[in-house]
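The residues making up each chain are set out below.
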Amino acid sequence: MKTAITSFIETLRLNDHYKTADKFAKPQRGVFSILLNAEAAKKMGDEMNDRISEVTDTYFNAVVLCRKNKLTEAHAVLLSGDTAFEDFEEAPQRLIRLFKLSAWANYHYKAGQFNQGIDLLVSGLSLSAGLEAEGYEVLQFRRIEQLQNISRILFSSKKYLEGFTLLRSILRFIMSGNTDGLYINDWNHQKFMQIRQMTENTLDSVFIQLAILNSSAHETPFGDLFYYDFFFKELLETMETDTYNRSILYNWMYIKASYFKEGPESFLNNISIFLKDEEISPDYNKLKENLLLQSIRVLEKHECKDLKKVQEGVSLYLNHLQLVTL
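Residues numbered from 1 in each chain as written. Predicted model: local features only at pLDDT ≥ 70, side-chain atom pairs only at ≥ 80, totals over all residues. Heavy atoms only, no water.

Things to note about the nonpolar core
Core analysis: the largest hydrophobic core is formed by 103 residues, its most contacted members being Phe164, Phe207 and Phe231. Not counting the four nearest positions on each side in its chain, Phe207 is found in contact with Leu171, Met175, Leu235, Met239, Leu249, Trp252, Met253 and Leu287. (Core = buried A, V, L, I, M, F, W, Y, C linked by side-chain atoms within 4.5 Å. Buried < 20%, exposed > 50% of the residue type's maximum accessible area, 1.4 Å probe, protein only. Contact = heavy atoms within 4.5 Å.)

This is the structure we're talking about:
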């Protein structure tokens, strides 16, 4: 394994790929807003759509405040959104209510009121399905996002297995249309696949969430072997690699699986290849970060004599990744 470690350390010291990766970055993902606004304007007119946007922006501002842990300010903004909400008739209220529910759910989540947060998000799933059936089909992607938010609350409340099971159910739906474990059965996989850019953005989002969770695996009872058994074995068999992003996601899983199937030497060599691939955009830096953090765990387990050099190299590499992402 000494040769693999030496090569791995050399890879960490390379800088050329940091300078070119940014040109492959994806465009801004504003497709959801464009499609939703277009449908709302078609159904209710431009003026009403503008009014709806003002209220949903208010709820979004409350979410931003929650992220900054400014809960008192967020609560006041939520109440102002609720006051504006009452000025609408039923049709626009149904659409606004989705954003109202998720904003209040986020508030309860941040306040540590986990059950209230989950209840609000679950109540929004059926409402979204009804609106999707009326033409707001783009909301199905937001509905997946709300399932991800439910999983985040489950993880925060230390209901790890429930959270992992929900993420696996989301991935199974994206791959095959299986709706088991998604709280409601009213899903349409054929329509979900029609806007392929949105489909792949959603898939990326779930994988990035999974990578972030796995990067802190040492803080939970669920380590790297669990992720391999629970997620990657199945996904490596079922996921088609017919798009740019799916080939990257597949290769990431393959590398992680290689540690358990082929050992640490192959694992480190595969990471080196992945890191040298200049066509992987910064959108996937969390996958690189995850592999690097796992490499530290692996080398600690195998009592590597060059562990300190690897740790220093990984730290430097992660700093470069953060600069590229900014």
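Moving on from the coordinates now.
What to know about the pattern of salt bridges
If the charged atoms of two oppositely charged side chains come close together, the side chains can form a pair. Considering all chains together, one arrives at 14 salt bridges under this definition. With its nearest N and O atoms 2.7 Å apart, the salt bridge here joins Arg172 to Glu234. Pair noted here: Arg172 is in helix α9 (residues 160–176) and Glu234 is in helix α12 (residues 224–238), with a separation of 62 residues, a long-range link. (Salt bridge = Lys/Arg side-chain N within 4 Å of Asp/Glu carboxyl O. Helix = DSSP H or I, 4+ residues; strand = E, 2+ residues; numbered from the N terminus.)

Comments concerning the side chain of Ser215
Along the chain, Ser215 turns up in helix α11 (residues 196–215). Accessibility expressed as a relative area gives 13% for Ser215, which makes it buried. There is a polar contact of 3.2 Å between the side chain of Ser215 and the side chain of Asn290. In this structure, Ser215 is in contact with Asn290, Leu293 and Arg297, ignoring residues within four places of it in sequence. (Polar contact = N/O pair within 3.5 Å; in protein donor to acceptor, adjacent residues only side chain to side chain.)

So, the packing of aromatic side chains
Any pair of aromatic rings gets described here by the distance separating the centres and the angle formed by the planes. Enumeration according to the criterion identifies 23 aromatic pairs in this entry. Seen in terms of ring centroids, Tyr109 and Phe114 are 6.3 Å apart; in terms of plane orientation they differ by 45 degrees. Their pairing is tilted. Considering the side-chain rings of Tyr259 and Phe260, the 5.0 Å spacing of their centres and the 70 degrees angle between planes classify their relative orientation as edge-to-face. Overall, the relative accessible area of 10% leaves Tyr259 in the buried class. Judged by its relative accessible area of 30%, Phe260 is partly exposed. Its guanidinium or amino end placed over the ring of Tyr136, Lys43 lies 5.5 Å from that ring's centre, counting from NZ or CZ. (Phe/Tyr/Trp six-rings, centres within 6.5 Å; stacked < 30°, edge-to-face > 60°. Lys NZ or Arg CZ within 6 Å of the ring centre and 35° of its normal.)

Topic: the layout of surface pockets
Of the volumes computed, that of the second largest pocket is approximately 280 Å³. Lining the second largest pocket, in full, are Arg152, Phe155, Ser156, Lys158, Tyr160, Phe164, Gln209, Ile212, Leu213, Ser216, Thr220 and Tyr227. Residues belonging to the lining of the second largest pocket are distributed by class as follows: 6 nonpolar, 4 polar and 2 charged. (1 Å grid on protein atoms, 1.4 Å probe; cavity = no way out; pocket = protein on both sides within 12 Å on 5 of 7 lines; lining within 4 Å. Points joined across faces, edges and corners; volume = space filled by probe spheres on them. Nonpolar A, V, L, I, M, F, W, Y, C, P; charged D, E, K, R; others polar.)

Some thoughts on empty space enclosed by the protein
In total, this model carries 3 cavities of 30 Å³ or more according to the counting rule given. If you add up the space inside the largest cavity, you get close to 70 Å³. Put simply, the parts of the chain that give the lining of the largest cavity at least two residues each are α6 (90–110), α7 (114–133) and α8 (139–156). Ranked by residue count, the leading element in the lining of the largest cavity is α7, at 5 residues. The residue inventory of the lining of the largest cavity, partitioned by class, reads 6 nonpolar, 4 polar and 2 charged.

Things to note about unusual backbone geometry
For Lys158, which is not a glycine, the phi torsion comes out positive at approximately 65 degrees. Structurally, Lys158 can be placed in the loop between α8 and α9. A relative accessible area of 61% places Lys158 in the exposed class. Positive phi, normally seen in glycine, also occurs at Glu303, with a value near 50 degrees. Inspection of the secondary structure puts Glu303 in the loop between α15 (285–301) and α16 (307–325).

Things to note about helix α4 (residues 46–67)
Relative to the 32 Å expected for 22 residues at 1.5 Å per residue, α4 spans 31 Å between its end C-alpha atoms, a close match to the ideal helical length. On the buried face of α4, the contacting elements are α3 (31–44), α5 (71–85) and α6. Phi turns positive, to about 60 degrees, at Asn69, one or two residues after α4. (Expected span 1.5 Å × (residues − 1).)

What to know about a negative patch on the surface
Where like charges cluster on the molecular surface, the negative patch consists of Asp46, Glu47, Asp50, Glu54 and Asp57. With respect to the helices, strands and loops of the structure, Glu54 is situated in helix α4. By relative accessible area, Glu54 is classed as exposed at 56%. (Patch = residues over 30% accessible without salt bridge, like charges linked within 9 Å, V, L, I, M, F, W, Y side chains within 5 Å. Areas by Shrake-Rupley, 256 points an atom, 1.4 Å probe, with all protein chains shown as cover. Lys, Arg positive; Asp, Glu negative; His and termini not counted. Charge placed at Lys NZ, Arg CZ, Asp CG, Glu CD.)

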